[in-house]
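Okay, here's what each chain looks like letter by letter:
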Amino acid sequence: MSEPKRLHPIASVINTGKRLKNLFIPLAAIFLSGGREGKESLFITFGIAFVVVIFTFISGLISWLKYTYRFENNELRVEYGIFIRKKRYIPFERIQSIDLTEGILQQLFGLVKVQIETAGSSGDEEAEAVLSAITKEEAKLIQEYVAAAKTGDSEIASHKVAKPIFKITTPELLLLSLTSGGIGVVISALFALLSQFDDFIPFKKVFGGLEDWAVHNLILIAILVFAGFFLAWLIALVLTMLKYANFTVVQTEKDFVISQGLLEKKQITIPLNRIQAIRISENPIRQLLGYGTVYVESAGGSIENKDGANVILLPIMKVRELSAIIGHYLPEYHFTASFTPVPKRAIRRYIFRSWFIPVPIAVAAIFFFKIWGLFSLILIGIFTFWAILKYKTAGWSLDGQQLTLRFQTTNRTTVFMKKNKIQSLEIRESYFQRNKQLGTIEAYVKSGLGGAGGTVVDMEKSEVEKIFGWYSKEQKNREGASG
């Protein structure tokens, strides 16, 4: 038993900073709109914003004072709330995972953020408990208490036996950063930020007079655009390297423990018994090079801890080496490289579906732009090529108690699912598929906030029925056992 403890005072600053971050855009919009109505209105708006900020600081301080935690009767007991007091008692044996994060502020004071998930955590709820700033010694103590509660041995620590599985090298980190899609995220974030101020910044007035200048300086504009994209790519490159620096995976008796990050250090624990599926994702560049990213689909996760459901186990690796890297640590999974493809007669349907978007565009372009519109035929060629790639990628495999699906959207995805983890399996057959003796299969497992799985379109009808029969037999066995 221990006395109630408060989080480190820096927790008040961290939580207040989060609240102010959420209020930044609304406050900025109010401030800018007030400024357009005159000095008096601007003064009133500034006063309102000042009161809101002060109230946020005060409420953050009071929340910190009211938040306490303690260890008692093999439980972590948390009490919090300003106007309504809430108490949460978490038995150590129910705790499934403990994730640690060290942001910049936490690192400065030698602290960590602890997020706790339990067996009863629901994906649509917040994490069972979040201790935003405690000492590393306290975090280690929680880990040891949890390990002792699960093993019945008070001398056993949570990570006493740890087998190293993977540690990212500098060349792998560079390759991961160079082939990531982070540039799209950076550009999207920039446009999203600018769109928030569209009503307050007179873009047309500012840039309207540049039309004549732009006509005579096309080369300079092209250079500036290229420089902008290069800068966005460089920012994305640096952010990716900072995020995945020192990426390490070790296995304890019952968990995978993943550590990563330079500026913000994270440690994520994935209980082996909560793994629902293994997924490989290969974007077009990595697919060409034979590399991919391996994800663990877990039954954990929450709104507060979304990473707990969809966790990167191996950020970059040669796909053909997957079995050699983690096969020994997940012996129940068979990482096959052999798939039954969809039949040859399905290729026409893949190509036909891909024309739904580019063909109308090409027809309209040729109608309005005549000879210049013929260039739109290139778009049809690109979509056709992608359809053929999707057709060649699509496949499936049954191996004892495991179903493996492979399909292509933007990325090529391979999902390995155990029969007893599959939550739903659906087969579909449209009128046109029926004429071709084809069908579609969808399989999903439970994963955090929703489901994860895959879909393979235009399989041989007999093969779809074979997979459905394989799964239905398991369902009947479950129903018989429950009865």
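The protein chain is annotated in an unreviewed UniProt entry as PH domain-containing protein from Neobacillus citreus.

1. What to know about the environment of leucine 322
Position of leucine 322 among the secondary structure elements: in helix 11 (residues 322-326). With 30 residues separating them along the chain, leucine 322 and glycine 292 place their C-alpha atoms 9.5 Å apart. Excluding anything up to four places from it in sequence, leucine 322 contacts Ile280, Val294, Leu314, Met317, Gly327, Phe335 and Phe416.

2. Re unusual backbone geometry
A positive phi is found at asparagine 74, a non-glycine position, where the angle reads about 55°. As for its placement among the helices and strands, asparagine 74 is situated in the loop between strand 2 (68-72) and strand 3 (75-80). Among the residues examined, asparagine 74 registers a relative accessible area of 53% and is labelled exposed. Of note in the backbone geometry, glutamine 437 takes a positive phi value of approximately 60° without being a glycine. Positionally, glutamine 437 belongs in the loop between helix 15 (431-435) and strand 20 (438-447).

3. Notes on the pairing of strand 18 (residues 412-418)
Counting buried residues in strand 18 gives 7 out of 7 residues, a clear majority hidden from the surface. On strand 18, burial covers both faces: Arg412, Thr414, Phe416 and Lys418 on one face and Thr413, Val415 and Met417 on the other are all buried. Examined bridge by bridge, strand 12 (residues 275-282) and strand 18 share 6 bridges and lie antiparallel to one another. Following the sheet pairing, serine 281 is matched in strand 18 by threonine 413. Taken together, the 7 bridges between strand 17 (residues 402-408) and strand 18 define a ladder with antiparallel strand orientation. Across the sheet, glutamine 408 pairs through a bridge with arginine 412, a residue of strand 18. In this structure, the hairpin formed by strand 17 and strand 18 is closed by a connection of 3 residues.

4. Here's the deal with the sheet that holds strand 11 (residues 265-271)
The strand order across the open sheet built from 7 strands is 7-6-5-11-10-9-8, with neighbouring strands paired in antiparallel fashion. Pairing within the sheet leaves two strands with one partner each, and these edge strands are strand 7 (129-135) and strand 8 (163-167). Shown here is a sheet whose adjacent strand axes are inclined to one another by a mean of 20°, direction ignored. Here 5 bridges tie strand 6 (residues 111-118) to strand 7, and the two strands are oriented antiparallel to one another. Following the sheet pairing, isoleucine 116 is matched in strand 7 by alanine 129.

5. Side note on the UniProt feature "transmembrane region" (unreviewed entry) in the protein chain
UniProt tags residues 42-65, 173-194, 214-239 and 350-368 as "transmembrane region" (unreviewed entry). For residues 350-368, helix accounts for 84% and strand for 0%, while the C-alpha atoms at its two ends are 29 Å apart.

6. Considering the packing of aromatic side chains
In this structure the tally under the stated criterion is 15 aromatic pairs. The interplanar angle of 50° and the centroid separation of 6.2 Å between the aromatic rings of phenylalanine 71 and phenylalanine 92 together place this pair among those described as tilted. Within this pair, whereas phenylalanine 71 is found in strand 2, its partner phenylalanine 92 is found in the loop between strand 4 (86-91) and strand 5 (95-102), the two being separated by 21 residues in sequence. Note on phenylalanine 92: relative accessible area 3%, which makes it buried. Plain terms: the ring middles of tyrosine 244 and phenylalanine 247 are 6.2 Å apart, the flat faces sit at 40° to each other, and that makes the pair tilted. Each member of the pair, tyrosine 244 as well as phenylalanine 247, is classed as buried. Chaining the aromatic ring pairs together yields one cluster made of Tyr69, Phe71, Phe92 and Tyr145. The cationic tip of arginine 77 hangs over the ring face of tyrosine 89; the distance from NZ or CZ to the ring centre is 4.3 Å. The ring of phenylalanine 367 has lysine 370 sitting right over it, with the charged end atom 5.6 Å from the ring centre.

7. Description of a nonpolar patch on the surface
Taken together, the side chains of Ile366, Phe367, Phe368, Phe369, Ile371, Trp372, Leu374, Phe375, Leu377, Ile378 and Ile382 make up a nonpolar region of the molecular surface, amounting to roughly 1,300 Å² of accessible area. Elements that contribute at least two residues to the nonpolar patch include exactly helix 13 (358-369) and helix 14 (377-393). Top element by residues in the nonpolar patch is helix 13. It accounts for 4 residues. Checked against the element boundaries, phenylalanine 367 lands in helix 13. Its relative accessible area of 56% is what places phenylalanine 367 among the exposed residues.

8. Here's the deal with the packing of helix 13 against helix 14
The geometry of helix 13 relative to helix 14 is characterised by a closest axis approach of 8 Å and an angle of 170° between their N-to-C directions. On the basis of the axis angle, helix 13 is roughly antiparallel to helix 14. Where helix 13 abuts helix 14, its residues Pro358, Val359, Ile361, Ala362 and Ile366 lie against Leu377, Leu379, Ile380 and Phe383.

9. Observations regarding the sheet that holds strand 1 (residues 5-6)
In a beta sheet, neighbouring strands are held together by backbone hydrogen bonds and run either parallel or antiparallel to one another. With antiparallel pairing, 4 strands are arranged side by side in an open sheet as 1-2-3-4. Each edge of the sheet is formed by a strand with only one pairing partner; in this case those strands are strand 1 and strand 4.

10. Quick word on the pattern of salt bridges
All chains considered together, the criterion is met by 15 salt bridges. A salt bridge links lysine 136 to glutamate 102; the nearest nitrogen and oxygen atoms lie 3.5 Å apart. Pair noted here: lysine 136 is in helix 4 (residues 136-151) and glutamate 102 is in strand 5, with a separation of 34 residues, a long-range link. Residue class for lysine 136 comes out partly exposed when judged on its relative accessible area of 41%.

11. Describing the environment of serine 298
Topologically, serine 298 is positioned in strand 13 (residues 291-298). Look at serine 298 and you get buried, because its relative accessible area is 1%. The spacing of serine 298 and arginine 274 is 24 residues in sequence and 5.5 Å in space, taken between C-alpha atoms.

12. Here's the deal with the side chain of lysine 418
Within the fold, lysine 418 resides in strand 18. Buried lysine 418, no salt bridge; nearest opposite-charge side chain is glutamate 332, N-O distance 7.2 Å. Reaching out from lysine 418, the side chain makes a polar contact with the backbone oxygen of glutamate 332 at a distance of 2.6 Å. The residues touching lysine 418, leaving out its near neighbours within four places in the chain, are Glu332, Tyr333, Gln401 and Gln402.

Parameters and conventions
Residues numbered from 1 in each chain as written. Predicted model: local features only at pLDDT ≥ 70, side-chain atom pairs only at ≥ 80, totals over all residues. Heavy atoms only, no water. Helix = DSSP H or I, 4+ residues; strand = E, 2+ residues; numbered from the N terminus. Contact = heavy atoms within 4.5 Å. Buried < 20%, exposed > 50% of the residue type's maximum accessible area, 1.4 Å probe, protein only. Pairing = 2+ DSSP bridges. Axes fitted to C-alpha atoms, helices over the stretch in contact; angles between N-to-C directions. UniProt positions renumbered as here; feature names shortened; annotations may be inferred. Phe/Tyr/Trp six-rings, centres within 6.5 Å; stacked < 30°, edge-to-face > 60°. Lys NZ or Arg CZ within 6 Å of the ring centre and 35° of its normal. Patch = residues over 30% accessible without salt bridge, like charges linked within 9 Å, V, L, I, M, F, W, Y side chains within 5 Å. Areas by Shrake-Rupley, 256 points an atom, 1.4 Å probe, with all protein chains shown as cover. Salt bridge = Lys/Arg side-chain N within 4 Å of Asp/Glu carboxyl O. Parallel < 35°, antiparallel > 145°, perpendicular 65-115°, else oblique. Lys, Arg positive; Asp, Glu negative; His and termini not counted. Polar contact = N/O pair within 3.5 Å; in protein donor to acceptor, adjacent residues only side chain to side chain.

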